[in-house]
Amino acid sequence: MLEWDPEHFTSFEHLCEVTLATIREKTEADRIYLWLSRPQRELFAFDPEHGLVAMVPDHAGRLGLPISFIEQALAKGQLLIELMSDAGGWQESVEAPPTQLRACFPLKRQQGLEGGVYLETRRRLDRLTPRQKQGIQLLMHYLAAELESRMLSNLVTQERSERLTTQDSLAQSQALQQSFLDLLQSLHQVGVHLSGCRGESELLHDAVMLARSSLQFDRVAIFLIDAEFTTMQGSWGTNEAGEITDERHFVSPIPAHPVVQEALRRKDYVLVLEDAPLYYEQQEVGRGWNAMVSLWDGDTPIGWIAADNLLQRRPIKTYHGEIFKQFAAMLSQLLIRQRNHAALEQFNRDLEERVAARTRLLAETNEALAQANQALAQANQALEQANQQLALLSMEDPLTRIANRRQWDLTLAREWEVARRQQGLLAVLMIDVDEFKAYNDHFGHSKGDLCLRQVAQLLQECERRRTNLVARYGGEEFVILLCNPQPGEAEFLCQRIHHQLARLAIPHPASRVKTHLTVSIGFSYRAPDQEMQWEQLIEQADQGLYLAKSAGRACSRGFDPHALPTEHISTA
């Protein structure tokens, strides 16, 4: 038997030959074939004299292979074994041969891989113990994993050959890798900035501005589509000099041009036209590449983004298309958040998962370009770790490293049901950093981010019970959930927060409240009942926050409907 050593396979054919030889020896097969239907149809046979032989897949019927039997095993995804029909032609005086079986071992389905190993043997595989079958099936898992690894390796090699020329040196490869990482970091920073925009117009304006300044696009324009899918409207764009222009006055029927129609039909697809005429206000201003990607709400297109290279004349690269696609996906989600706040959590989760997954995939791909000899097993382990980290990050605010809005909503909804069933009590504190905009204007956004991290750390230090939760609610707002609080526990926690913040003494010269940073806190207690939803507990805490701000800020107030103006009393 050839030695099973996955680290030293010289080629795809060598891998298949060693694998089939091993399986043949373990199953005592008379005939053995490897059938691959994805990523492309391939057929290989093995015998000890000739080794691995590539066959024409369309000739499988001529070879006597039971195609329907193989396809049935692949469709079920499990081992199939059956007795073969007795072959005719045996003399009555001659003893009939032992019963012959045929079996199909489907490969464990991986991304882009589907196939199986078909064999014929006189060994009674149908009488093997579950442990013996498990041993053979484990070998099939090894084969599937190695085939998938080789496929991924081929994809990496193909991408490397497309991007690099024969004159590329190691320094150029490292520079390209750094360019990828810088651009991905810029995309992340763009997302952080856009998530804080107030209103759709500001979001679209800043999206155009940041796409030009941070994502290496010369000119960018964003168009929106009405609900009837008949009219397009401009938003913000750039003129022939790269200056941002307000194009909201532009309204027109959606063009019947095939390029526009194709881009609006295909989701997550970047359409690029090379050496195309470039226009501004329907006048040709130059030539270059023109890229377009549509914006989507589920399966419904809501607009598109157009970009070109009129000014710098930079050629478009593969990773630019990926960045463009991710930028469009991110902008789509932020647009939907502005229009439909109820869908915010799902869109943000999808965006974070896709951006993080793409970031990790590109990082690992570039690492493979620089270190081609790195074992694929290590890359798979790193990918698994990244997925685990992604699951944690989806529940964590990236700036403050505490629970994010999504984790807060899920936890509060869960604890609300628990308290309702057990007739328990819940309390919510809503905390707002006083005069935070003035703080940002005075010190800058970097200092503002540091300030928010300090406040988040202080809140966690003030409330350490594992059953409670501290989260960032949005912007400069934080929330704390108290499960089964004691009487006065919320008031005591408010005093502790004010006291610790005063001890921290973060300077705030731009504040109209005090010379150091302060917060306003609203809180509310509630025992859940059938008539009330958990969102109303947050609303009551928010009304308490309104009372605290009305009292001059830097203080705490509990929910009191009698102290609120009529327009601030919850309809609940």
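What you see is a predicted model, and the numbers here were worked out from it, not measured in a lab.

Student: Honestly, the side chain of Asn366 in this entry has me stumped. Any pointers?
Tutor: For Asn366, the position within the fold is in helix 8 (residues 344-370). Once residues lying within four places of it in the same chain are set aside, the contact partners of Asn366 are Arg163, Gln177 and Phe180.

Student: Got a minute to help me understand the pattern of salt bridges in this structure?
Tutor: Where charged atoms of side chains with opposite charge meet at close range, the side chains can pair. Within this structure, the stated rule accounts for 24 salt bridges. Residues Asp246 and Arg248 are paired through a salt bridge, measuring 2.6 Å at the closest nitrogen-oxygen approach. By relative accessible area, Arg248 is classed as partly exposed at 38%. Through salt bridges with shared partners, a single ionic network connects Glu322, Lys325 and Arg358.

Student: Would you mind showing me how to read the layout of surface pockets here?
Tutor: A probe as big as a water molecule, rolled over the atoms, marks out the empty space that is left. Of the voids in this model, the second largest pocket is the one considered here, and its volume is about 1,100 Å³. Along its surface, the second largest pocket is lined by 33 residues, and Phe223, Tyr279, Tyr280, Gln282 and Ala306 are the ones closest to its centre. Those elements giving two or more residues to the lining of the second largest pocket turn out to be strand 7 (219-225), strand 10 (244-246), strand 11 (251-253), helix 6 (258-265), strand 12 (270-280), strand 13 (283-297) and strand 14 (300-308). The residue inventory of the lining of the second largest pocket, partitioned by class, reads 21 nonpolar, seven polar and five charged.

Student: Honestly, the pairing of strand 14 in this entry has me stumped. Any pointers?
Tutor: Walk down a regular strand and you will see the side chains alternate between the two sheet faces. Burial within strand 14 is extensive, with eight of its nine residues counted as buried. Examined bridge by bridge, strand 7 and strand 14 share six bridges and lie antiparallel to one another. The residue bridging Leu224 from the neighbouring strand is Gly303, located in strand 14. Relative to strand 14, strand 13 is paired through eight bridges, and the arrangement is antiparallel. Pairing of Ser294 across the sheet is with Trp304, part of strand 14. Hairpin connection between strand 13 and strand 14: a loop of two residues separates the two successive antiparallel strands, and Gly298 in this loop has a positive phi of roughly 65 degrees.

Rules used in this analysis
- Residues numbered from 1 in each chain as written.
- Predicted model: local features only at pLDDT ≥ 70, side-chain atom pairs only at ≥ 80, totals over all residues.
- Heavy atoms only, no water.
- Helix = DSSP H or I, 4+ residues; strand = E, 2+ residues; numbered from the N terminus.
- Contact = heavy atoms within 4.5 Å.
- Salt bridge = Lys/Arg side-chain N within 4 Å of Asp/Glu carboxyl O.
- Buried < 20%, exposed > 50% of the residue type's maximum accessible area, 1.4 Å probe, protein only.
- 1 Å grid on protein atoms, 1.4 Å probe; cavity = no way out; pocket = protein on both sides within 12 Å on 5 of 7 lines; lining within 4 Å.
- Points joined across faces, edges and corners; volume = space filled by probe spheres on them.
- Nonpolar A, V, L, I, M, F, W, Y, C, P; charged D, E, K, R; others polar.
- Pairing = 2+ DSSP bridges.

Structural measurements only, silent on function.
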